[in-house]
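# Coordinate analysis (summary)
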Amino acid sequence: MASPQVDTESVSDEGYERGLSGRQVQMIAIGGAIGVGLFLGAGANIAKAGPSLIVMYALAGVIIFFIMRALGELLLYRPVSGSFAEYSREFLGPFFGYFTGWTYWLMWIVIGMAELTAAAIYINYWFPQIPQWATALVFLIVLFGANLISVKMFGEIEFWFSMIKVTAIIGMIVIGLGVLTFGFSAAGDTAAVSNLWAFDGFFPKGIGSSLMTLQGVMFAYLAIEIVGVTAGESKNPEKTLPKAINTLPWRIALFYVGALTVILCVVKWTEFAPGVSPFVEAFAQIGIPAGAAIVNFVVLTAALSSCNSGMYSTGRMLRSLAENGEAPRIYQRLSSSKTPALGIATSVVFMGIGVVLNYVVPEKAFGYVTSIATAAGIWTWLMILISHILYRRQVVAGRLPASSFPAPGGSVCSYIAIVFLLFVTALIAIDAEARICLYVMAGWAFVLGIGWVALKSRNPRITEGREPEFEKIGG
């Protein structure tokens, strides 16, 4: 069945400005694939798994591509801001839309906390006398102000943050290859491809330990789906979104697999430790003047970029929830600059809890929030995949129009990704330190359940499914 033309202006949330250019959407997509999970979290994972971490990132990257192609098919069927919650609402029912919207909001709140924590750690590299909590608070306020100005400002900030990250990683790869090929620098004598297996093998801690890093690896890929949130504010989603998603494999291959492979060839894996960026450590050992400080600046921008994206996403998700009667109506309002200012402000207040964590338990703050964010992210990805499978059934039955961007293999890859995500959840359950996030999510589900009962008692019509806007428009 041919897909009808979609009036993308109509299907976007009423009132938003389509201020994100193709250039900005591309860089937001790239930036979503490069975050603090790679720049900071990879250090701890290298210590746990050694060179085999490369395989874990590649494996997870394949699954992420499956997820993004499933999302892409849904986005081109009906591009809306707050996409995952809307698709959950349409294909699984109002409760799942409500639960997914609020859980995605929670995910970005805790990611914001993690990024603020990471940014504070990076500042400590230059100014160890400044408390982590003070630095986190300053960054929180500055990014909040930037998000209130306009979506164009958000897009431009993300563009340049992503440009810095991309340039740094490519620079790291080029310099690392130079060290391997020509043997220059302080690391030249010990740099070799054989470092990938010379120290107790490619799986030095065993396959089991390598698999246990998958939860941290999946955290590194969180935010990749932010492209879906930009759908309602992209100037030409039918062109920009497929392009952004289709370039994902080479981005993962270059920025994750490529960068880590080069780093672990230049510096033996036993040199890395938790809390230290592999990129900073590599530049320090290569001995480039000010190299470590430069990379520290880059990873600082990566953290701020992700926190900036979190403020953007949470404000839009709160507005989507409010429009469906699942959050206070006041969150529907847009500021004069067409941004959901009140939703962003509320989210920033909750991100401020991260500032408190940096004051109370600065050494554990990052680990706590990353595990919770991963659990929330897995739920979001599962909802995307299940919605995709149900959408495909409707298309096959002839009840819905086909998307102009179908996922390869239909639903098969979505089923594979679901099994993988459930496996990662099982790994989290058997990890004593990470398991706390499942308790938090159980408590979160209980709170949302009570909220749903209260919503139904006040407005019974909230449980009724709504006809998708697409079908009203299609022609």
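On to the overall build of the protein chain. The helix and strand inventory of the protein chain stands at 21 helices and 0 strands. Residues counted as buried form 59% of the 475 residues belonging to the protein chain. When contacts within the protein chain are restricted to residue pairs at least 6 apart in sequence, those whose partners lie at least 24 apart make up 82%.

Of all residues in the protein chain, 85% attain a pLDDT of 70 or more, and the chain-wide mean is 82. A low-confidence stretch, residues 1-14 (pLDDT under 50), is modelled with 38 contacts involving residues beyond four sequence positions or located in other chains. Across residues 469-475, where pLDDT falls below 50, the model places 16 contacts with residues more than four positions away in sequence or in other chains.

Across all of its chains, the model carries 20 aromatic pairs by this definition. Seen in terms of ring centroids, tryptophan 105 and phenylalanine 350 are 5.2 Å apart; in terms of plane orientation they differ by 80°. Their pairing is edge-to-face. Here tryptophan 105 is found in helix H7 (residues 94-126), whereas its partner phenylalanine 350 is found in helix H17 (residues 341-360), with 245 residues between them in sequence. Note on tryptophan 105: relative accessible area 6%, which makes it buried.

The buried fraction of helix H15 (residues 278-286) is high, at 7 of 9 residues. Of the residues making up H15, those classed as buried are Pro278, Phe279, Val280, Glu281, Ala282, Phe283 and Ile286.

As a further point, take the side chain of threonine 301. Tracing the chain through its elements places threonine 301 in helix H16 (residues 291-323). Once residues within four sequence positions are removed from consideration, threonine 301 is found in contact with Phe161, Ile164 and Lys165.

Let us look at the environment of phenylalanine 139. Tracing the backbone shows phenylalanine 139 in helix H8 (residues 132-149). A sequence separation of 23 residues divides phenylalanine 139 from leucine 116, and the C-alpha atoms of the two residues are 7.2 Å apart. Apart from residues lying up to four places away in sequence, phenylalanine 139 is in contact with Leu116, Ala119, Ile123, Leu300 and Leu304.

This part covers the pattern of salt bridges. Across all of its chains, the model carries 5 salt bridges by this definition. Across the salt bridge formed by glutamate 73 and arginine 392, the nearest N and O atoms sit 2.8 Å from each other. Separated by 319 residues along the polypeptide, glutamate 73 in helix H5 (residues 53-77) and arginine 392 in helix H18 (residues 365-396) bring together distant segments of the chain. One salt bridge connects arginine 89 with glutamate 86, and the closest N-O pair in it is separated by 2.9 Å. With a gap of 3 residues between them, arginine 89 and glutamate 86 both fall in helix H6 (residues 83-91), about one helical turn apart. Connected via shared salt-bridge partners are Glu86, Arg89 and Glu326.

Conventions used here
Counting restarts for each chain: residues are numbered from 1 in the order of the written sequence. Where totals are concerned, whole chains, interfaces and linings use all residues; where local detail is concerned, this predicted model gives features only for residues with pLDDT of at least 70, and gives and counts side-chain atom pairs only at 80 or more. Note: side-chain values were computed over all heavy atoms of the structure, leaving out hydrogens and water. Strands here are runs of E lasting at least two residues and helices are runs of H or I lasting at least four, both read from the DSSP assignment and numbered beginning at the N terminus. Burial status follows relative accessibility: with a 1.4 Å probe on protein chains alone, a residue under 20% of its type maximum counts as buried, one over 50% as exposed, and anything between as partly exposed. Here a residue-residue contact requires only that any non-hydrogen atoms of the pair lie within 4.5 Å. Residue-level confidence of the predictor, termed pLDDT, takes values from 0 up to 100. Between the rings of Phe, Tyr and Trp (Trp by its six-membered ring), a pair exists once the centres lie within 6.5 Å; its type follows the angle of the planes, with under 30 degrees stacked, over 60 edge-to-face, and the other angles tilted. Salt bridge criterion: a side-chain nitrogen from Lys or Arg within 4 Å of a carboxyl oxygen from Asp or Glu.

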